[in-house]
Number of protein chains: 2
Amino acid sequence: GRIVRSPHGATLHCRNWLIEAAWRMIQNNLDPEVAEHPEHLVVYGGMGRAARDWACFDRILATLRELGEDETLLVQSGKPVGVFRTHVDAPRVLIANSNLVPKWATWEHFNELDRKGLMMFGQMTAGSWIYIGSQGIVQGTYETFTACADRHFGGHAARRWILTGGLGGMGGAQPLAATMAGFSMMAVECDETRIDLRLKTHYLDRKAASLDEALALLNAARAEGRTLSVGLVGNAADVFEEIARRGVKPDVVTDQTSAHDPIHGYLPQGWTLQQWRERQRSDPQSIIEPAKRSMANQVRAMLALQRAGAAVFDYGNNIRQMAHDAGVIDAFSFPGFVPAYIRPLFCRGYGPFRWVALSGEPKDIHRSDAKVKELIPDDRHLHNWLDLARHRITFQGLPARICWLGPKDRYRVGLAFNEMVRHGELHAPIVIGRDHLDTGSVASPNRETEAMRDGSDAVSDWPLLNALLNTASGATWVSFHHGGGVGMGYSQHAGQVIVCDGTDGAARRIARVLFNDPASGVMRHADAGYEEALATAREIGLRLPMHDA
Amino acid sequence: GRIVRSPHGATLHCRNWLIEAAWRMIQNNLDPEVAEHPEHLVVYGGMGRAARDWACFDRILATLRELGEDETLLVQSGKPVGVFRTHVDAPRVLIANSNLVPKWATWEHFNELDRKGLMMFGQMTAGSWIYIGSQGIVQGTYETFTACADRHFGGHAARRWILTGGLGGMGGAQPLAATMAGFSMMAVECDETRIDLRLKTHYLDRKAASLDEALALLNAARAEGRTLSVGLVGNAADVFEEIARRGVKPDVVTDQTSAHDPIHGYLPQGWTLQQWRERQRSDPQSIIEPAKRSMANQVRAMLALQRAGAAVFDYGNNIRQMAHDAGVIDAFSFPGFVPAYIRPLFCRGYGPFRWVALSGEPKDIHRSDAKVKELIPDDRHLHNWLDLARHRITFQGLPARICWLGPKDRYRVGLAFNEMVRHGELHAPIVIGRDHLDTGSVASPNRETEAMRDGSDAVSDWPLLNALLNTASGATWVSFHHGGGVGMGYSQHAGQVIVCDGTDGAARRIARVLFNDPASGVMRHADAGYEEALATAREIGLRLPMHDA
Ligand SMILES: NC(=O)c1ccc[n+]([C@@H]2O[C@H](COP(=O)([O-])OP(=O)(O)OC[C@H]3O[C@@H](n4cnc5c(N)ncnc54)[C@H](O)[C@@H]3O)[C@@H](O)[C@H]2O)c1
Ligand SMILES: NC(=O)c1ccc[n+]([C@@H]2O[C@H](COP(=O)([O-])OP(=O)(O)OC[C@H]3O[C@@H](n4cnc5c(N)ncnc54)[C@H](O)[C@@H]3O)[C@@H](O)[C@H]2O)c1
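Draft legend 1. Fine view of the site of ligand 1. All names here are of chain A. In the vicinity of ligand 1 lie 25 residues, with Gly 169, Gly 171, Glu 189, Ser 258 and His 260 positioned nearest. In this structure, a nitrogen atom belonging to ligand 1 sits 3.5 Å away from a main-chain N or O atom of Gly 265. Here an oxygen atom of ligand 1 and a side-chain polar atom of Arg 447 are 3.2 Å apart. Protein contacts shield 87% of the accessible area of ligand 1, which totals 870 Å² for the unbound molecule.

Draft legend 2. Here's a closer look at the environment of Ala 301 of chain A. All names here are of chain A. Relative to the assigned elements, Ala 301 resides in helix 10 (residues 285–307). For Ala 301, a relative accessible area of 5% corresponds to the buried category. Here the alpha-carbon distance between Ala 301 and Arg 246, two residues 55 residues apart in the chain, equals 11 Å. Apart from residues no more than four positions distant in its own chain, Ala 301 is found in contact with Phe 240, Glu 241 and Ala 244.

Draft legend 3. Highlighting the packing of helix 12 (residues 337–347) of chain A against helix 17 (residues 504–527) of chain A. All names here are of chain A. Contact geometry of helix 12 with helix 17 gives a least axis separation of 8 Å together with a crossing angle of 110 degrees. The angle between helix 12 and helix 17 places the two elements in the roughly perpendicular class. Where helix 12 abuts helix 17, its residues Arg 343, Phe 346 and Cys 347 lie against Gly 521, Val 522 and His 525. Taken together, the residues of the contact of helix 12 with helix 17 sort by class into three nonpolar, two polar and one charged.

Draft legend 4. Main features of the relation of the copies chain B and chain A. In the superposition of chain B on chain A (RMSD 0.1 Å, axial shift 0.1 Å), the rotation amounts to 180 degrees. A rotation of that kind, with that shift, is consistent with a two-fold axis. Judged by C-alpha distance, Pro 102 of chain B is the residue of chain B that lies nearest the rotation axis, at 2.1 Å.

Draft legend 5. Highlighting the interface of chain B and chain A. At the junction of the two partners, chain B supplies 78 residues and chain A supplies 78 residues. Here chain B and chain A share an interface that buries about 6400 Å² over both sides, 68% of which is from carbon and sulfur atoms. Our enumeration of links across chain B and chain A arrives at four salt bridges. When the shortest N-O distance is used, the salt bridge between Lys 79 of chain A and Asp 527 of chain B registers 2.7 Å. Taken together, chain B and chain A are joined by 28 residue pairs in polar contact (both at pLDDT 80 or more). With 10 residues, helix 16 (residues 461–473) of chain B is the single largest residue contributor to the side of chain B that touches chain A. Of the residues in the side of chain B that touches chain A, the class split is 43 nonpolar, 22 polar and 13 charged.

Draft legend 6. Up close: the site of ligand 2. Residue and element names in this part refer to chain B. Neighbouring ligand 2 are 25 residues; Gly 169, Gly 171, Glu 189, Ser 258 and His 260 lie closest to it. In the model, a nitrogen atom of ligand 2 is placed 3.1 Å from a nitrogen or oxygen of the Asn 235 side chain. Between Ala 236 and ligand 2, the recorded distance is 2.9 Å, taken from a backbone N or O atom to a nitrogen atom. Isolated, ligand 2 exposes 870 Å² of accessible area, and the fraction of that covered by the protein chains is 88%.

Draft legend 7. Looking closely at the pairing of strand 17 (residues 492–500) of chain A. Residue and element names in this part refer to chain A. In terms of burial, strand 17 is largely enclosed, as nine of its nine residues are buried. By the alternation rule, side chains of strand 17 split into Gln 492, Ala 494, Gln 496, Ile 498 and Cys 500 and His 493, Gly 495, Val 497 and Val 499, which are all buried. Bridge analysis of strand 14 (residues 430–433) against strand 17 gives four bridges, and the strand direction is antiparallel. Bridge pairing in strand 17 links Val 431 to Val 499. Taken together, the two bridges between strand 15 (residues 442–443) and strand 17 define a ladder with antiparallel strand orientation. Its bridge partner lying in strand 17, Ala 443 is registered against Gln 492. Taken together, the six bridges between strand 16 (residues 477–482) and strand 17 define a ladder with antiparallel strand orientation. Residue pairing for strand 17: Val 478 is matched across the bridge by Gln 496.

Draft legend 8. View of the packing of aromatic side chains. Residue and element names in this part refer to chain A. By the definition in use, this model includes 36 aromatic pairs over all chains. Geometrically, the ring pair formed by Phe 145 and Tyr 315 is edge-to-face, given 6.5 Å between the ring centres and 80 degrees between the ring planes. Of this pair, Phe 145 sits in helix 4 (residues 135–153) while Tyr 315 is found in the loop between strand 11 (311–312) and helix 11 (319–325), placing the two residues 170 residues apart along the sequence. Tyr 315 matches Phe 145 in its accessibility class, with the two residues each being buried. Linked through ring pairs, Phe 145, Phe 153, Phe 183, Phe 313, Tyr 315, Phe 337 and Tyr 341 together constitute an aromatic cluster. For the cation-ring pair, Arg 348 lies above Tyr 350, with the distance from its terminal atom to the ring centre recorded as 4.7 Å.

Draft legend 9. Inspection of the sheet that holds strand 9 (residues 229–233) of chain B at higher detail. Residues and elements named next belong to chain B. The six strands are arranged 8-9-7-6-10-11 in an open sheet whose pairing can be described as parallel. Strand pairing shows two members of the sheet lacking a second neighbour, strand 8 (206–208) and strand 11 (311–312), which therefore form its edges. Relative to strand 6 (residues 161–165), helix 8 (residues 236–246) is tilted by about 145 degrees, and along the sheet it contacts strand 6, strand 7 (184–189), strand 9 and strand 10 (252–253).

Cut-off values and rules
Residues numbered from 1 in each chain as written. Chains lettered and ligands numbered in written order. Predicted model: local features only at pLDDT ≥ 70, side-chain atom pairs only at ≥ 80, totals over all residues. Heavy atoms only, no water. Near = heavy atom within 4 Å. Polar contact = N/O pair within 3.5 Å; in protein donor to acceptor, adjacent residues only side chain to side chain. Areas by Shrake-Rupley, 256 points an atom, 1.4 Å probe, with all protein chains shown as cover. Helix = DSSP H or I, 4+ residues; strand = E, 2+ residues; numbered from the N terminus. Buried < 20%, exposed > 50% of the residue type's maximum accessible area, 1.4 Å probe, protein only. Contact = heavy atoms within 4.5 Å. Axes fitted to C-alpha atoms, helices over the stretch in contact; angles between N-to-C directions. Parallel < 35°, antiparallel > 145°, perpendicular 65-115°, else oblique. Nonpolar A, V, L, I, M, F, W, Y, C, P; charged D, E, K, R; others polar. Least-squares fit on C-alpha atoms with pLDDT ≥ 70 in both. Buried area = accessible area lost by both parts, 1.4 Å probe. Salt bridge = Lys/Arg side-chain N within 4 Å of Asp/Glu carboxyl O. Pairing = 2+ DSSP bridges. Phe/Tyr/Trp six-rings, centres within 6.5 Å; stacked < 30°, edge-to-face > 60°. Lys NZ or Arg CZ within 6 Å of the ring centre and 35° of its normal.

Interpretation in functional terms is not warranted from these geometric data alone.
This is the structure in structure tokens:
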């Protein structure tokens, strides 16, 4: 196996730091600490790749090393296809991944093109060279739980607890994110090895073998005002039902079992893990019905807990749909996490803001963390996150940080980083990017744009305008993808990355891009009729022609 | 009814000519001479609109009048949604029309959103403000016939003749385009009023009541070395069959009846027009079978003429599919017009290049025509077209011209126009744009990208890269649409318009945009494995990383 890692340090290999950043970041995406299957160029998310194949990868690197300061490289589904003269304020790389004319936008046709070597799946940050490992999922979950505390508990999570299921790949971030956000948590997981893994990495505090034990641990912690996360070995459907039956009242209820996959994702009640795995081999179709029946029981318990006063939400695993299929008519009585907690943030232009130290120096991130706190002195959740992240997040590949910021802060932070680079306070330039899951950058009717107020869930003019605007504003690279997160046919989304190299030119571009990018999300939500977005637009001075008239 | 017309003359209403151009061109699109149904904001192509509604139209105009020289207006499906600070080399307007997440990309969902006021259909040049009336269809047909002459007759159309059917809205351009390209033509049309209309506008030379008469007229003209177009009143299926039976040999055979619509588009054999129209009201479904049977007869005759040596092609009316449905197994033995004649042009980066005189002065177009001939002295077809267009094309709205140019010429012509504006040789700036049907700007597997050599028909990364590249290169406005030409779900495509205002800045942008835009089409076709495109890439110095290695 070939091993790829981004070079560290302040030595330039390309014509300037904008180009060097792209050159390092594609390599960083394939760092064995960062990527899931670097040997297949797979970064994360099933088959999300950084380049179409090794030949393309090598040519991308070679082309970037020769690229002129006023030239732009075009990348089509992971293949470098052209170099064009543009200008210094234009992006250095333009990327389009996995886009298909709608009628042909299926996994079947995609796979056929993929086999022929004509396509690759870009996911969101895999094919756009700004993945930073698992910090993203921890922070996203933290943000959701924080928003939940704001909405339901006046921002006070203390002594409150969350009931959830599943400690798998993404769900395993829940206990860490919960305690970071000030909650305690009980996470029901049927596979004890998963609990042990989370204990080992300190994402989870304790393990319990029975509901009584778990509740006792939680009650003790809450009595002392401590946060505590407990992994309970068991079937989520059984435990959720028992909690409802006993009249125990969690403050928040959600679930991250893999309910979206009724064969491999959800253990039916009454089955052992071994029975389940054997049946997955011998007769997989026979699992669906009992799994859905159990999901229905779990959702009924969630509805009961909702009626008893808990804040209940679906965490994007489709468990409501499964329960509905199995006869739970009111399964959709609790909301998905985006309409419930993320959309209000999107309305205000908040979303994921991540940065990477091209130097490879952890100190550069620590100094930039401090700068963010200095610039945004009043945001308790943000400070909390940055402090805890410093102690509990292990860097993967080039040191990086993520936090959610809005349109008033993103460009201020970007300009401040640029100044730090200019004055030598950091060892090398900083790269700022984001997930494609952001306020103005995605149309995905089953997730990010579910249940928009005006019914515009499927309108993808918005992410297209976002990509064009970021290109016009001078982002360092811009990407447009199809199918990330929810698969072929279900989403279209845009990404941008911008480099702080300490120059005046960078400062001008940063001021434009890091305002316009989130502000375009405020525009999108204002257009859909969200009052909060209209208020934010006024506050930040965003010009909306149909509203300014 | 409100009447909209673009102001003429050299007086500026906006901050500069880039913005003024957008402001005039959206109005020109709705000029009663240009638009099909200006009262509904419909420009052409069924329901292709220039703005979502009158309120949006008015706000677009008002916003453009106030727009700063470093600002960019965002338009979402005909609605002005935001104004952002960018920079002087960025587009002044960014447009996204009718884009839907693939799973929802149907007429049904579109219509629902349209009814709710959330969308509009942009077609290609309607929602991107660069429609110029029927000159485009004449010229496109001329280009196809010219390519046909080049391919089959060494460029010599003299004494050759084309057999076709249909003289309707678009098909009516055939006789004019044919004689312009040096061919004679027999066009079979069942509705005599259509023939009379084409005679009146001088698009057609003569009318004949029988095949014998038509052949006699054609033979006489050919004997004298004249071109002649004859409209023959009759049913195309009957006449095509009779011609094949008699052993008469047309040089080229095609058809532009509306075969795509088997109820309203194609008169069944043996029926009168009146019977047909009555049946369309009383029992429309009953027309389908006899219409398809007649189409099958026409296609069988076309196949026979092909075997007898004629160049036969489908002109995008789906008649092959209809005949195939009705049992003609080898219906697809003759090609569609894009793979046959247009694709070779696309491979060389050729495509539609149109310009408009913002002054409103016909003289500005005549002077620019002369400049094009001066710059490209050796292109006989081009000169022929420009000479004939001058005499036979009536301007609609602002005077405009269209001709097909490649990557070596587009920027040279653009720069020359810019110089003419600078030196006052033209009364006001010139706008250069194009259709979305161009070499690098469209993915449309049933038409423009049908049967690509590598099977990449449905890959829409290419038009997306084109839109991003034009934005990065500094086009004055850039658009990205879905569904133009072939309807919802079937196409994605990009447009660009650039203004020659006589400044140095414009010259720099023109040099980039008018090379990069067509060169990206050469790149797309080179990537698909077309030798001609690879050769063109070498010739124009286009850098293709996977080929330069
Ligand atoms: N942004 C989002 O919308 C978002 C974010 C995170 C996760 N998710 C969704 O959450 C789900 C979990 O993701 P993951 O990557 O952690 O999946 P995973 O498959 O790695 O983990 C699922 C876990 O659930 C456990 N489990 C299965 N059935 C159970 C049962 N009946 N009781 C208790 N535990 C059970 C499994 O043992 C496993 O550890 C997926 O459906 C994913 O799509 C969505
Ligand atoms: N770019 C392209 O692919 C392209 C370009 C031009 C036209 N087209 C296609 O060509 C077709 C014609 O377009 P249009 O706008 O001219 O349509 P139209 O409906 O205005 O005209 C069709 C004409 O065919 C005549 N006709 C019908 N049945 C006949 C028969 N059996 N014999 C003789 N005449 C008959 C009608 O009387 C009518 O005048 C359409 O299918 C259109 O989609 C495609």
